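Given next are the chains, with one letter for each unit.
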Amino acid sequence: MSSQALFSSLVLIALLPLLSALVATVIPASHRWITPLASSLLLALASILSLLLSISQWNEPTLVWEKTWFTLGESTVTAGILLNNTTLVLLSVVTFISFMVHLFSIGYMAGDKGEQRYYSILGFFTFAMLGLVLADNLLLLFVFWELVGFSSYMLIGHWREKDAATAAAKKAFIINRIADLGFIIALLIIWGHTGSFSLTSFNFEEQEAWRTGAALCLLLAVMGKSAQLPFFNWLSSAMEGPTPVSALIHAATMVVAGVFLLIRVFPLFTPLALDVVVIIGSSTAVLGALAALHQFDFKKILAYSTISQLGLLVAAVGTGAYGVALLHLLTHAFFKAGLFLGAGAVIHSLHQAQHSSHVHFDVQDIRNLGGLRKEMPITFFCFSICAAALAGLPLFSGFQSKDAILVSVFSWSGDQVWRQAFAWTIVITSVLTIFYTVRMLWFVFFEEAKKTALLTIQEVPTIMRIPLVLLSLGSLWWMVAFHPLDFSGWLLDSIQPNQEHNLFITWLSLISIPTLTVLAFLWFKYRKKPTTLGFLQEGYYLDYLNSLLVTKPILAMSTVSERIDKKGLDGIIHGFAYLTVGLAHLLAWVDKNIVDGLVDASGRLAKGFGSIARSFSGGQIQSYIFWSVFALVISLFWFLFY
Amino acid sequence: MLGTNEKLEWIQLSLKYFLPELVLVGAFLILLLSSLVLNKGHQKKSIDWIALLLLMATLMASVISWNQTTANIPLFSGMLTQSTFAVYLKLLFDVAGVLTVLLSWKAYEYRKAEYYALVTCALLGAHVLVMSSNLIMVFLAIELISLPSYLLTAFVFSKKSMEGALKYFLFGSVASAIMLYGMSLLYGITHTFDFTSEVFAKAIYYQQTPFFFISVCLILAGLLFKIASTPMHPWAPDVYEAAPSPIVAFFSVVPKLAGIGILVLFCLAIDLKGNSSIRWYIVLSLIAILTLSIGNFAALLQKNPKRMMAYSSIAQAGILLIGAITLTNQGLQFMLFYATVFLLANYLVFLYIGHFERKSIVDMESYAGIGKSNAASSILLLVGLISLTGLPPTAGFLAKVFVFSSLWNSYEISGQGLYLVVFVVGLLNTVVSLFFYLKIPYQSFLKNGSNTVPSENSWGVNLLGFLLVITLLGLFFLPSGLMGWLNRITFAL
Amino acid sequence: MSLQSIYILSALLFSIGLVIVLVKRNAILVLMGIELMLNAANLNLIAFNKTVPASLDGQVFALFVMVIAVCETAVGLAIILQVYRHYHTSVPDEINELKG
Amino acid sequence: MTLVAFLFYFFIGTAALSAIVLLFLKNIFHAALALLTCLLSLAALFILLQAEFLAVSQILLYAGGVVILIIFGIMLTTKAGGQAVPITNTGLLPGLAVGAGVFFLLLFFVHKSLFALPSSAQETIVNNNIERIGIEILTDYVLPFELAGVLLLAVLMGAATIAGFKHVKN
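Because the structure is a prediction, the values reported are computed rather than measured.

Rules of the game
- Position labels on residues start from 1 in each chain and follow its written sequence.
- Note on labels: chains are lettered from A, ligands numbered from 1, in written order.
- Selection of residues for local features in this predicted model requires a pLDDT of at least 70, selection of side-chain atom pairs for listing and counting requires 80 or more, and totals for whole chains, interfaces and linings are taken over all residues.
- Heavy atoms from the whole structure form the basis of all side-chain values; hydrogens and water molecules are not counted.
- The contact criterion used is simple: two residues touch if any of their non-hydrogen atoms lie within 4.5 Å.
- Values labelled buried area give the accessible surface lost by two parts on being combined, using a 1.4 Å probe and summing over both.
- A pairing counts as a salt bridge when a side-chain nitrogen of Lys or Arg comes within 4 Å of a carboxyl oxygen of Asp or Glu.
- Under the rule applied, a polar contact is a pair of N or O atoms within 3.5 Å (in protein, one hydrogen donor and one hydrogen acceptor; residues adjacent in sequence only if both atoms are side-chain atoms).
- Put simply, Ala, Val, Leu, Ile, Met, Phe, Trp, Tyr, Cys and Pro go in the nonpolar bin, Asp, Glu, Lys and Arg in the charged bin, and everything else, Gly too, in the polar bin.
- In DSSP terms, a helix is any run of H or I states spanning at least four residues, a strand is any run of E spanning at least two, and both are numbered starting from the N terminus.
- Among buried residues, the Ala, Val, Leu, Ile, Met, Phe, Trp, Tyr and Cys ones that are joined through side-chain atoms within 4.5 Å form a nonpolar core.
- Think of it in three bands: with a 1.4 Å probe and only protein chains considered, a residue is buried below 20% of the maximum accessible area for its type, exposed above 50%, and partly exposed in between.
- Where a domain begins and ends is set by an automatic assignment or by a domain database.
- Every residue is assigned a pLDDT by the predictor, reflecting its confidence on a scale from 0 to 100.
- In this tally, Asp and Glu contribute negative charge and Lys and Arg positive charge; neither His nor the terminal groups of the chain are included.
- Two distance rules govern patches: like charges are joined within 9 Å, and nonpolar side chains (Val, Leu, Ile, Met, Phe, Trp, Tyr) within 5 Å, applied only to residues with over 30% relative accessible area and no salt bridge.
- Note that accessible areas follow from Shrake-Rupley with a 1.4 Å probe, and for residues the cover is restricted to the protein chains shown.
- An expected span of 1.5 Å times one less than the residue number is assigned to each helix.

Every contact between the two is made by 57 residues of chain B and, on the other side, 48 residues of chain A. Across the interface of chain B and chain A, roughly 4,800 Å² is buried in total on both sides, 79% from carbon and sulfur atoms. Taken together, the links from chain B to chain A amount to zero salt bridges. Where chain B meets chain A, there are two residue pairs in polar contact (both at pLDDT 80 or more). Class assignment of the residues belonging to the side of chain B that touches chain A gives a composition of 46 nonpolar, five polar and six charged.

With that out of the way, let us pick up the interface of chain C and chain D. Listed by partner, the interface residues are 67 residues for chain C and 81 residues for chain D. Both sides of the chain C and chain D interface together cover about 6,900 Å² of buried area, and 76% of this is carbon and sulfur. On inspection of chain C and its partner chain D, the count reaches zero salt bridges. Linking chain C to chain D there are 13 residue pairs in polar contact (both at pLDDT 80 or more). Listing elements by their share of the side of chain C that touches chain D, those giving two or more residues are helix 1 (3–23), helix 2 (27–51) and helix 3 (57–87) of chain C. The residue inventory of the side of chain C that touches chain D, partitioned by class, reads 45 nonpolar, 15 polar and seven charged.

Most often, soluble globular proteins keep nonpolar side chains buried together rather than apart. In this structure, A:Leu138, A:Phe183, B:Leu80 and C:Met32 are the most contacted members of the largest nonpolar core, which totals 550 residues. Here the element with the most residues in this core is helix 14 (residues 329–358) of chain B; it accounts for 20 residues. Viewed by domain, this core spans two of them, domain 1 (1–83) and domain 2 (125–170) of chain D, each represented by three or more residues. Filtering out sequence-adjacent residues up to four positions away, A:Leu138 remains in contact with A:Phe183, A:Leu187, A:Ile190, A:Phe197, A:Leu199, A:Phe202, A:Leu261 and A:Val265.

Residues and elements named next belong to chain D. In this model, chain D carries an average pLDDT of 83, and 83% of its residues clear a pLDDT of 70 or more. At the low end of the mean pLDDT range in chain D sits helix 4 (residues 92–114), at 83; at the high end sits helix 6 (residues 142–163), at 92. On the interface metric, ipTM, the complex scores 0.92, and its pTM is 0.75.

Here the focus is unusual backbone geometry. All names here are of chain B. Cis geometry marks the peptide bond from Thr230 to Pro231, where omega comes out at 0 degrees. Tracing the chain through its elements places Pro231 in the loop between helix 9 (210–227) and helix 10 (235–242). Of note, Ala228 is a non-glycine position whose phi angle comes to about 60 degrees, a positive value. Tracing the backbone shows Ala228 in the loop between helix 9 and helix 10. Ala228 sits in the buried class, given a relative accessible area of 1%. Even without glycine at this site, Leu272 takes up a positive phi of about 50 degrees.

Further remarks concern the pattern of salt bridges. All names here are of chain B. Overall, the coordinates contain 14 salt bridges over all chains when judged by the stated rule. Residues Lys167 and Asp238 are paired through a salt bridge, measuring 3.0 Å at the closest nitrogen-oxygen approach. You can see Lys167 sitting in helix 7 (residues 159–190) and its partner Asp238 sitting in helix 10, a full 71 residues away along the chain. According to the relative accessible area criterion, Lys167 is buried, its value standing at 2%. The buried category is assigned to Asp238, whose relative accessible area is 0%. A salt bridge links Asp238 to Arg307; its shortest N-O distance comes to 3.0 Å.

The next subject is helix 19 (residues 439–446) of chain B. Where burial is concerned, most of helix 19 of chain B is hidden: seven out of the eight residues are buried. Turning to helix 19 of chain B, its buried residues are B:Ile440, B:Pro441, B:Tyr442, B:Gln443, B:Ser444, B:Phe445 and B:Leu446. If you follow the buried residues of helix 19 of chain B, they end up packed against helix 5 (138–156) and helix 6 (163–194) of chain A together with helix 13 (305–325), helix 15 (370–373), helix 16 (375–389) and helix 18 (417–437) of chain B.

This brings us to the side chain of A:Asp136. Residues and elements named next belong to chain A. As for its placement among the helices and strands, Asp136 is situated in the loop between helix 4 (115–134) and helix 5. Of the buried charged residues, Asp136 lacks a salt bridge, with Arg264 as the closest side chain of opposite charge at 8.9 Å. A polar contact of 3.0 Å, which involves the side chain of Asp136, links it to the backbone nitrogen of Gly80. The contacts of Asp136, once residues within four sequence positions are left out, are Val64, Trp65, Glu66, Ala79, Gly80, Ile81, Leu82, Ser198 and Leu199.

All names here are of chain B. Assignment of secondary structure puts Ser104 in the loop between helix 4 (84–103) and helix 5 (112–131). If we skip the residues at most four places from it in the chain, Ser104 touches Asp48, Lys112, Tyr115, Tyr116 and Pro246. Within the structure, the side chain of Ser104 is placed 2.9 Å from the side chain of Tyr115, a separation counted as a polar contact.

Residues and elements named next belong to chain A. Taken together, the side chains of Ile378, Ile466, Val469, Leu470, Leu473, Trp478 and Phe482 define a hydrophobic patch exposed on the protein surface, amounting to about 630 Å² of accessible area. Here the nonpolar patch gets four residues from one element, more than from any other, and that element is helix 18 (residues 462–473). Looking at the secondary structure, you find Ile466 in helix 18. Given a relative accessible area of 37%, Ile466 falls into the partly exposed group.

Looking now at helix 11 (residues 271–293) of chain A. In a regular helix each residue adds 1.5 Å, so 23 residues correspond to 33 Å; helix 11 of chain A covers 33 Å between its end C-alpha atoms and thus fits that length. The buried count for helix 11 of chain A comes to 19 of 23 residues, which makes it a mostly enclosed element.

Below is the structure:
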């Protein structure tokens with residue numbers, strides 16, 4: 001393909017979603033039924049185009065098209081497109097997942113008041129995301145970064161009648177903006193030192209400190225966008241948006257923009273900065289997994305799971321294995337989108353059922369669900385495949401990519417103790433992942449039906465099943481490599497070849513993951529006395545913190561020791577469960593009091609300053625004049641005598 | 001010393017370069033006459049058209065003189081200097097003038113011709129001010145802007161509007177009296193009013209005394225009043241709240257930019273090409289920091305959009321000052337870029353503030369839910385606010401990047417720690433500004449309004465808004481055209 | 001007949017004008033204070049002009065200042081008149097509906 | 001002391017005294033008269049400083065224009081019955097402090113430097129100041145002169161519009 005044709009097709013791919021957004025805006029309300037179909041069609045086109053393009057351009061040398069954007073002093077800033085394997089992967093993933101979400105939304109959003117607005121912002125978001133992927137310099141990337149953030153803000157607040165939705169949108173926006181300050185500072189540092197924003201070359205010489213500074217500032221931005229500690233609480237609130245949006249934005253694409261940025265600017269990172277990246281990533285991973293274990297909201301479990309997986313991705317980049325991160329990004333995009341759409345399917349059909357039977361309860365609370373595997377077999381089947389990929393069971397894509405992450409983390413840690421601590425954190429995260437996945441699966445699909453028994457539940461319509469099936473197919477091992485135990489397939493070999501293999505880890509996980517899964521499953525199935533396991537129970541849970549602080553510790557200790565005496569394994573799990581809950585509570589507390597507190601405090605501080613600045617304007621003109629003249633005289637005295 | 005005949009010849013020659021101002025004087029007189037002739041009901045509508053045509057003609061004349069001007073030309077016995085810098089600013093003023101007419105279309109019917117005449121007079125003052133190279137002209141031009149401005153504030157003819165006018169008048173008169181006193185003291189030192197002349201430079205070079213410092217500070221106070229910059233800013237919120245919206249847009253752009261223009265020229269003169277032993281950049285930096293911080297922080301608490309925009313424009317003045325403090329060519333060019341973007345975004349925002357005001361949406365809360373009923377208007381307003389905040393993909397972002405990058409450059413070259421402080425404070429303030437600029441979009445898009453606002457046919461407003469938005473986006477994606485123009489500008493006295 | 005006494009007088013008039021502007025509870029008196037400040041400047045201009053007899057810059061400037069002072073008074077009184085109609089007072093302190 | 005010098009200091013004293021009195025007067029009519037005294041003394045000083053044209057303008061513009069306008073303003077804005085309302089002060093102490101600060105700055109720095117300047121006026125024989133002013137205004141200062149004309153016109157029209165507005169609607 002000629003360079004010009006290639007360029008045009010790339011631009012076309014990026015513009016198709018924008019066209020979809022425009023179409024959704026201009027179609028008159030009387031013909032609104034066209035909107036979903038037209039948008040999906042355009043996205044399908046974009047998706048097919050980018051797949052074809054990826055196949056034809058795979059492993060070709062890097063291409064850059066650039067044009068002068070503006071001149072700043074003597075140096076010029078260019079704008080253009082950067083095309084390499086990373087770009088192609090992201091291009092395909094974004095368009096494909098977006099297409100899936102569009103398809104799913106045809107059913108999910110049918111009859112919504114703001115349907116057209118929804119599709120136009122969805123299209124606009126996809127366009128912005130593609131622009132971000134294609135951008136060949138940091139400034140341009142930043143532009144799309146902001147646009148992506150903006151469309152996310154609009155989509156989170158889509159149901160603006162809900163106060164929670166608007167508050168969540170505001171929270172997401174503000175946290176992201178604070179983090180973006182890091183991006184701006186990094187831009188300025190990079191500009192100041194290299195005179196260019198180009199992503200293909202970073203000519204930092206012997207300025208280690210500045211380089212680290214720029215890298216850390218970028219990391220700050222990544223931490224905001226990819227919901228890393230301590231900025232992650234916006235992502236769980238973002239679940240107020242429509243579920244397909246959560247699938248697209250808050251699982252598969254936008255949040256990985258941060259990871260994508262890390263991969264793009266990887267050469268900028270000094271060893272020191274990379275260590276910080278691992279620390280942030282692995283802490284986020286484990287805390288996210290802990291939090292996921294203690295949620296009862298279906299979507300919030302998935303949200304915290306996303307946070308945890310993002311932590312893994314970031315940590316993987318930090319260990320230097322950016323190719324591995326890209327691999328996991330790909331597999332995660334498929335299975336997490338599948339999980340979210342599965343959750344969406346459950347929520348949708350339950351809502352429909354509630355509508356016809358006039359029984360009302362919170363369908364997102366997993367304690368109200370159960371036994372859905374009979375009523376919704378296809379959803380169940382697809383959801384389980386994706387869940388298996390998330391848990392990392394062999395034969396699913398998650399196994400390979402997680403294996404790759406573990407291998408890279410351990411090869412990074414070497415014999416340094418503190419590094420090994422973080423490597424083990426990743427292992428713990430993987431174990432926790434199995435537990436919360438099984439827990440979620442159990443509550444929703446396996447346990448005997450509780451409130452859902454009152455409803456007549458039907459499987460979702462075909463149009464919503466197609467994406468589920470396709471995404472679950474994409475969560476199987478062959479996405480990574482034909483050998484189900486080998487992670488270095490088509491992708492890794494092209495991005496970052498010669499990754500180290502560690503057969504010990506592979507075999508260990510091959511054995512331990514299924515075992516743990518079965519154990520967890522049995523645990524949930526055969527727990528005999530639910531009262532002793534209060535943390536999984538309804539009602540009891542809310543008072544938990546109080547009792548945990550006063551009477552429970554003693555009781556718990558005795559129970560734990562008793563258990564260990566009676567049934568070894570059960571006791572360990574029990575103790576582990578208590579530990580988890582304790583940590584999860586701590587996390588929730590930190591989230592609520594410290595992170596939110598900081599946001600609040602900065603707001604209050606700003607308002608305090610504001611009221612001082614404003615107090616001079618009490619409406620009396622002579623006092624205005626007085627203050628002005630007073631300031632003038634004082635500063636004259638100060639300048640002349642000081 | 002020139003003889004009388006040579007002086008008269010000079011005057012004749014000068015008139016050639018004075019075309020835009022002559023057109024403005026003509027426009028002023030025509031508008032005055034039409035106020036006498038056309039004051040019957042149906043004829044009033046023609047006034048809008050007359051004013052529009054006249055101001056368009058001025059804009060054309062300015063474009064012509066932009067093409068004529070390459071170097072500095074002294075006019076009228078050295079009272080004025082025609083320079084590329086001045087002509088560019090004049091172009092901006094004329095654009096602002098045309099936009100003011102468009103914003104006032106079909107509104108403020110009472111005494112419309114007088115209203116436009118006063119706008120024209122203030123425009124004339126702004127034109128003359130940025131060309132001035134003589135303190136007499138500076139004083140006169142400032143009064144030419146100020147006195148019509150006081151009167152224009154009262155043109156809502158309501159109780160509050162009169163109060164605003166009184167406050168503006170009292171504050172302004174005191175400020176200009178202080179400035180005048182400073183000028184009289186400076187005359188004692190230099191024995192000339194021509195601040196671009198050799199005599200002036202020589203005199204101040206040998207007398208870098210506290211006396212000189214005080215007199216310059218007094219003059220700066222008067223100029224800062226025009227810019228609405230700390231410490232001479234307290235009038236702005238009250239006046240902005242009181243005045244008609246198009247006039248507020250005018251106030252927050254034209255006198256401000258004219259003030260910045262003359263401030264730059266005056267500072268170039270007293271800076272003596274960096275040979276001054278008084279380091280003026282310290283004074284300017286402190287003013288910029290305070291202006292920026294006070295503007296942004298006070299804006300956080302405002303409930304009235306016009307008041308909020310008043311503090312916003314104070315803060316924007318701070319950023320313009322940041323562009324000016326280094327007094328380098330690059331910094332000043334970027335300052336002009338910022339000024340251009342600021343003008344467009346500001347008029348865009350006031351277009352809609354005025355538009356909604358006519359639907360009796362006056363305070364922040366009543367914007368709730370407008371995003372639904374007036375979707376197009378709200379989105380266009382949003383773009384304007386985003387540009388003022390300085391987020392991509394609007395030209396506001398690029399303009400801020402330019403201004404800050406030139407400051408950073410100056411910091412790296414000179415190593416002045418103060419520049420770094422300004423830089424950091426500026427960046428932090430950018431974050432603060434986000435919180436208030438997005439108040440209106442937050443209300444309109446994410447809140448549900450209790451009152452239903454009629455979505456009446458407002459295609460005229462939206463067309464203008466759309467054009468402004470296109471320009472703002474265009475300047476972001478293709479800034480090179482404008483930068484090419486700005487690169488032609490030199491800042492020698 | 002030394003010019004120093006003129007300078008001192010001008011400084012005094014300026015300061016007194018300023019104080020009047022700041023403290024008097026009557027808009028018209030504030031206006032008078034402003035006139036006093038302008039006159040102080042005028043006095044300076046004319047006195048300094050004495051030391052440069054070759055030109056008349058200072059005197060011409062002073063002339064323009066007078067013209068402007070008249071303009072200001074006219075504008076000020078027009079506004080004060082309207083304010084008085086609305087508020088029934090000319091005490092600047094009591095005219096404070098705009099604030100915040 | 002010559003008569004000229006006596007008059008010089010006499011008028012300086014009158015101007016200063018009337019300004020100080022202006023600061024303390026409670027009656028606004030008396031204040032206007034004090035202002036008038038001050039302005040007229042300044043006019044006299046202008047003559048002594050050989051600025052005759054300025055002196056005449058001062059009398060015509062200030063005494064004849066400004067003060068009359070002010071008196072009209074006073075009459076239109078005093079409460080019914082023609083009884084002048086006594087004028088009180090607001091924030092007297094801070095105001096005086098700022099005023100004193102300004103005065104101190106001007107004396108301490110400005111006039112310290114000014115004393116270094118040539119102290120007495122250079123007594124050149126100027127025959128025809130008025131003619132020179134006329135020529136300068138129509139040559140060097142023609143632009144400000146014309147602009148002042150425009151300004152006067154604008155202000156006249158604007159002030160008339162504002163002052164003449166009667167609230168009709170609502």
